[in-house]
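# Analysis of the macromolecular model
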Amino acid sequence: MQQRILSAIVGIALFLFFCFHSPTLMLCGIVLVALLCAYEWTTAYSHQLVPERLSPSANALQASLPFLGAIYPVGLYLRLLRGDISPLYPAMLVALPIPVFAFLTLRAARTGIALGSLRRFYGLVGAIYIGLPISSLVILRSFLTIPSAKPPLAHTPLGAWLVLFTAICVWTADSLAFFIGRRLGQHKLAPTLSPGKTWEGVLGGLFGSLVVGAVVMRSLGLPLWDGLILGAIAGVVGPWGDLWESAVKRELGLKDFGHLMPGHGGFLDRFDSLLFVLPLACLFWVLLSSLLAR
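Residues numbered from 1 in each chain as written. Predicted model: local features only at pLDDT ≥ 70, side-chain atom pairs only at ≥ 80, totals over all residues. Heavy atoms only, no water.

The helix and strand inventory of the chain stands at 11 helices and 2 strands. Scanning the chain from its N terminus toward the C terminus, one meets helices and strands in the order α-α-α-α-α-α-α-α-β-β-α-α-α. For the chain, the residues scored as buried account for 50% of the 294 residues in total. Considering only intrachain contacts with a sequence separation of at least 6, the fraction spanning at least 24 residues in the chain is 75%. Split by element, the accessible area of the chain, about 14000 Å² in all, is 71% carbon and sulfur. (Helix = DSSP H or I, 4+ residues; strand = E, 2+ residues; numbered from the N terminus. Buried < 20%, exposed > 50% of the residue type's maximum accessible area, 1.4 Å probe, protein only. Contact = heavy atoms within 4.5 Å. Areas by Shrake-Rupley, 256 points an atom, 1.4 Å probe, with all protein chains shown as cover.)

This is the structure in structure tokens:
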């Protein structure tokens with residue numbers, strides 16, 4: 001437990017440093033995390049059941065695709081920086097895969113199959129699953145202001161705060177779901193995928209993320225409903241991300257994707273909920289900003 005807490009403290013400190021220093025440094029942090037996630041995904045699949053079904057060249061191609069997806073945030077950052085595109089279109093793109101992975105999670109809960117025959121395309125799936133959702137951080141960090149924001153947000157890099165708010169809601173939901181589920185959990189959420197998760201835990205996490213979202217938004221001068229919607233996204237969508245990775249790991253016979261974060265497993269294990277929540281939170285903020293700017 002001490003190792004887990006220490007690892008979390010270091011991780012949060014680095015997260016805040018990259019997030020608030022500058023958009024360019026934030027981009028470097030995003031790409032680094034994406035590359036580490038791509039490494040964990042590729043390592044898991046290229047050594048588990050897949051190689052005997054693929055030729056060496058096909059396996060090499062699939063193994064490279066997640067890394068190519070991991071550098072997509074760079075191209076997106078440059079285009080946003082030059083003003084070539086409106087944030088709305090990339091926000092819609094990064095959110096597009098989430099319903100698909102949610103459907104695959106539902107199928108896995110019924111059948112125990114996460115990718116199944118799609119495993120031969122594990123590289124393409126990894127590029128989409130990692131590269132697109134994590135790019136939503138680039139879009140969020142690019143926000144300079146929202147018309148309704150009041151001090152201190154009105155004169156600070158609002159994008160950094162939006163990233164932090166979203167992460168706090170997800171961490172709150174995850175933590176409360178874990179502790180409430182352990183103490184009060186009776187009804188299993190998806191026993192075939194993650195036997196330890198319960199409906200009581202999920203509802204507790206949802207309640208916590210709603211409260212935190214509302215309190216934080218109101219204290220900083222943003223509308224209450226913005227916080228409630230953000231909290232709802234974190235509390236409802238976050239568990240889907242957790243279950244999706246549980247389905248993948250169960251299909252591959254893995255406990256964790258890696259050991260790069262002591263006490264937490266790998267980067268994919270730590271970012272599973274965020275990879276589902278961030279794209280939808282990003283789309284919400286972009287739509288809200290567009291409406292308020294009219």
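By size, the foremost hydrophobic cluster in this structure holds 79 residues, and its most contacted members are W41, Y129, I139, W244, V248, L268 and W285. Counting residues per element, this core draws most heavily on helix α11 (residues 267–293), at 15 residues. (Core = buried A, V, L, I, M, F, W, Y, C linked by side-chain atoms within 4.5 Å.)

What follows is about the layout of surface pockets. By volume, the second largest pocket amounts to about 280 Å³. When residues of the lining of the second largest pocket are traced back to their parent elements, those giving at least two are α6 (97–111), β1 (188–190), α9 (199–219) and α10 (224–252). Its residues assigned to classes, the lining of the second largest pocket comprises 13 nonpolar, 2 polar and no charged. (1 Å grid on protein atoms, 1.4 Å probe; cavity = no way out; pocket = protein on both sides within 12 Å on 5 of 7 lines; lining within 4 Å. Points joined across faces, edges and corners; volume = space filled by probe spheres on them. Nonpolar A, V, L, I, M, F, W, Y, C, P; charged D, E, K, R; others polar.)

Attention shifts here to the environment of E40. Among the secondary structure elements, E40 is positioned in helix α2 (residues 23–46). Looking at E40, the relative accessible area reads 2%, which means it is buried. Along the chain, E40 and P66 lie 26 residues apart, while their C-alpha atoms are 9.8 Å from each other.

What follows covers the packing of helix α8 (residues 158–184) against α9. Taken N-terminus to C-terminus, the directions of α8 and α9 make an angle of 145 degrees; their axes are 7 Å apart at the nearest point. Regarding α8 and α9, the two cross each other, and that crossing is right-handed. Taking contact as the criterion, the partners of F165, I168, C169, T172, A173, L176, A177, I180, G181 and L184 in α8 are, on α9, E200, G201, V202, G204, G205, G208, S209, V212, G213, V216 and M217. Considered class by class, the residues forming the contact of α8 with α9 number 12 nonpolar, 8 polar and 1 charged. (Axes fitted to C-alpha atoms, helices over the stretch in contact; angles between N-to-C directions. Left-handed = near helix turned anticlockwise from the far one by under 90°.)

Moving on, we get to the packing of aromatic side chains. Following the criterion strictly, the structure yields 13 aromatic pairs and no others. A ring pair is formed by W161 and F165, whose centres lie 5.9 Å apart and whose planes are at 40 degrees; its orientation type is tilted. Note that W161 and F165 are positioned in helix α8 at a spacing of 4 residues, about one turn of the helix. Classification of W161 as partly exposed rests on a relative accessible area of 26%. We classify F165 as buried; its relative accessible area is 4%. Taken together, W41, Y45, F101, Y122, Y129, W244 and F257 form an aromatic cluster joined through their ring pairs. (Phe/Tyr/Trp six-rings, centres within 6.5 Å; stacked < 30°, edge-to-face > 60°.)

This next bit is on the environment of M26. Position of M26 relative to the elements: it lies in helix α2. Considering only alpha carbons, one finds M26 and L137, 111 residues apart in sequence, at a separation of 8.6 Å.

What follows concerns the pairing of strand β2 (residues 194–198). Inspection of the sheet shows β1 paired to β2 by 2 bridges, in the antiparallel sense. Note that in β2 the partner of K188 across the bridge is T198. Two successive antiparallel strands, β1 and β2, enclose a turn made up of 3 residues. (Pairing = 2+ DSSP bridges.)

Let's shift gears to the pattern of salt bridges. Counted under the stated rule, the structure contains 4 salt bridges. A salt bridge links D174 to R270, with the shortest nitrogen-to-oxygen separation between them at 3.9 Å. Of the two residues, D174 sits in helix α8 while R270 sits in helix α11, which places them 96 residues apart along the sequence. Residue classification places D174 among the partly exposed residues on the basis of a relative accessible area of 22%. Between D256 and K255 there is a salt bridge, and its shortest N-O distance comes to 3.7 Å. (Salt bridge = Lys/Arg side-chain N within 4 Å of Asp/Glu carboxyl O.)

Structurally, E200 can be placed in helix α9. Buried charge without a partner: E200 forms no salt bridge, and the closest opposite charge is K188, 8.5 Å away. At 2.5 Å, the side chain of E200 forms a polar contact with the side chain of H187. When sequence neighbours within four positions are dropped, the list of residues in contact with E200 reads I180, L184, G185, Q186 and H187. (Lys, Arg positive; Asp, Glu negative; His and termini not counted. Polar contact = N/O pair within 3.5 Å; in protein donor to acceptor, adjacent residues only side chain to side chain.)

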